[in-house]
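A closer look at the structure
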Amino acid sequence: MNIHEYQGKEILKSFGVRVQEGIVAETPEQAVEAAKRMKEEFNSDWVVIKAQIHAGGRGKGGGVKLAKNHDEVLQRATDIIGMQLVTPQTGPEGKKVNKVLVAQDVYYPGDSDTKEFYMSVLLDRATGRNIIMYSTEGGMDIEEVAEKTPHLIFKEEIDPKVGLQGFQARKIAFNLGLSGGAHKDMVKFVAALYKAYDSIDASMFEINPVLKTSDDKILAVDAKVNLDENALYRHADIAAMRDITEEDPTEVEAGESNLNYVKLDGNVGCMVNGAGLAMATMDIIKLAGGEPANFLDVGGTANAETVKAGFNIILKDPNVKAILINIFGGIVRCDRVAQGVIDAYNEIGNIPVPIIVRLQGTNAAEAKKLIDESGLQVYSAILLKEAAELVTKVLGDK
């Protein structure tokens, strides 16, 4: 699960990580009031207006703007709230901005220069251990840094038996070229950041940039936090941070029916039971000359209700020209699935696209007979090859 920057900062702050302070606003007028409160607390008219969406690269898309007075706050917030923000991570359709973070100006002048660093905590799946990845090249896309200057990316592996050790935090601060008060503050920052990551069952923390201020304080200017959904039952307060307006509405609806759904760009809807079978089904669709329109896994207990919910979700995509149902009947009997397909079809009414049903496993022959004798616009198959040929046929008829 993704959360917004301001929510990630709230979590970090609760674990002792210093962050760029800010106040959330949903209207330009609220943004001005927030700026006034920031003035009282930090004695500066300058604030940063930051769009809150679940995507990186907001600055490049015009979603992060500096405002030097209240008139500029009103103008910047008016420009950003409600805009369709397009970034490298949103795709060409972009995401609508519903709220902004009015954040303190942390690039104030002082005795030393400000410096930006990159830091993330994540699981290295090759070793099964958490790592802290960091670089002196903060504020840049880490992919670009890895491509052009890979020697500037460092990794610190954490032994799960003992956790992050003090010498490792000091090594990170040293590799970032820090000394004196900034070095000590970075050691505290790293320790608190890792504790936060480990404590909330996160799958990734990315802070870009981590800033050394002109008075040698270390703080998080941004916070991208991904959480392991399988562990959310242990963190009800964090689960409550979910913002479904940032998610695909169809995927949200599928989740409410306990379906795993991902929308794609093709013309053949897929309904399967099992992720591995879904991948094979999408492959066969491509081999047959089509393109999968979605990934839809109904799980191991497919019945009339789940099939009906799957139909409704798939049919919301106007690009779908055919639906391929590919079910392996191991635990579930194929004839029960076939009856579920028939019942769902009759309940929905006229389905405007052809349906191909491939059932294999327990009672597959009985299932094929049920489909064939239903009188519906449904094509049945037992072999995957047959299903592929039917996909080719129905697409050719379109």
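Residues numbered from 1 in each chain as written. Predicted model: local features only at pLDDT ≥ 70, side-chain atom pairs only at ≥ 80, totals over all residues. Heavy atoms only, no water.

Okay, the packing of aromatic side chains next. Each aromatic ring pair is characterised by the separation of its centres together with the angle its planes make. Inspection of every chain in the model, using the stated rule, returns three aromatic pairs. Centre to centre, the rings of Y194 and Y197 are 6.1 Å apart; their planes meet at 35 degrees, and the pair counts as tilted. One end of the pair, Y194, and the other, Y197, are both in helix α6 (residues 180–199), three residues apart, so they sit about a helical turn from each other. When sorted by exposure, Y194 lands in the same class as Y197, which is buried. Consider the rings of Y197 and F205, whose centres lie 5.9 Å apart with planes at 85 degrees: the pair is edge-to-face. Each of the two residues, Y197 as well as F205, counts as buried. (Phe/Tyr/Trp six-rings, centres within 6.5 Å; stacked < 30°, edge-to-face > 60°. Helix = DSSP H or I, 4+ residues; strand = E, 2+ residues; numbered from the N terminus. Buried < 20%, exposed > 50% of the residue type's maximum accessible area, 1.4 Å probe, protein only.)

In the UniProt entry, the feature "binding site: substrate" (unreviewed entry) is given for N273, G330, I331 and V332. By the element assignment, G330 lies in the loop between β16 (322–329) and α11 (334–348). (UniProt positions renumbered as here; feature names shortened; annotations may be inferred.)

Turning to the nonpolar core, a few remarks are in order. Grouped together as the largest cluster of nonpolar side chains are 41 residues, with contacts concentrated most on L12, M119, I132, M186, F189 and F205. Taken together, the elements giving at least two residues each to this core come down to α1 (5–14), β7 (115–124), β8 (129–135), α5 (166–175), α6, β10 (202–212), β11 (218–220) and β12 (224–227). For this core, the leading source of residues is α6, giving ten residues. Contacts of M186, omitting those with residues within four sequence positions, involve F117, M119, A173, L176, L178, V210 and I218. (Core = buried A, V, L, I, M, F, W, Y, C linked by side-chain atoms within 4.5 Å. Contact = heavy atoms within 4.5 Å.)

Take the UniProt feature "domain: ATP-grasp fold succinyl-CoA synthetase-type" (unreviewed entry) in the protein next. Taking the numbering used here, the UniProt-annotated feature "domain: ATP-grasp fold succinyl-CoA synthetase-type" (unreviewed entry) corresponds to residues 2–210. Helix makes up 35% of residues 2–210 and strand 25%, with an end-to-end C-alpha separation of 20 Å.

A cis amide bond, omega 10 degrees, links N208 with the succeeding residue P209. Looking at the secondary structure, you find P209 in strand β10. Backbone geometry at N43 places phi at a positive 55 degrees, although glycine is not the residue there. Relative to the elements of secondary structure, N43 occurs in the loop between α2 (28–42) and β2 (47–51). According to the relative accessible area criterion, N43 is exposed, its value standing at 63%. In this structure, D216 is a non-glycine residue whose phi angle is positive, near 65 degrees. The topology assignment puts D216 in the loop between β10 and β11.

Further remarks concern the domain arrangement of the protein. According to the domain assignment, the protein contains domain 1 (1–19 + 108–246), domain 2 (21–105) and domain 3 (249–397). The centre of domain 2, based on its C-alpha atoms, is set 44 Å off from the matching centre of domain 3. (Domains from an automatic or database assignment.)

Counting buried residues in β16 gives seven out of eight residues, a clear majority hidden from the surface. Here strand β14 (residues 268–272) pairs with β16 via five bridges, running parallel. The residue bridging G269 from the neighbouring strand is I323, located in β16. As defined by bridge partners, β16 adjoins strand β17 (residues 355–361) across seven bridges and the pair is classed as parallel. When the sheet's bridge partners are listed, L324 is paired in β17 with I356. (Pairing = 2+ DSSP bridges.)

The next thing to look at is the pattern of salt bridges. For the coordinates displayed, the defined rule picks out 25 salt bridges. Residue R333 is joined to D335 by a salt bridge in which the shortest nitrogen-to-oxygen separation is 2.8 Å. Given the relative accessible area of 38%, R333 is considered partly exposed. For D335, a relative accessible area of 14% translates into the label buried. (Salt bridge = Lys/Arg side-chain N within 4 Å of Asp/Glu carboxyl O.)

Right, let's talk about α1 for a bit. Where burial is concerned, most of α1 is hidden: seven out of the ten residues are buried. Buried within α1 we find E5, Y6, Q7, G8, K9, I11 and L12. Positive phi shows up at G16, right after α1, with a value of about 90 degrees.

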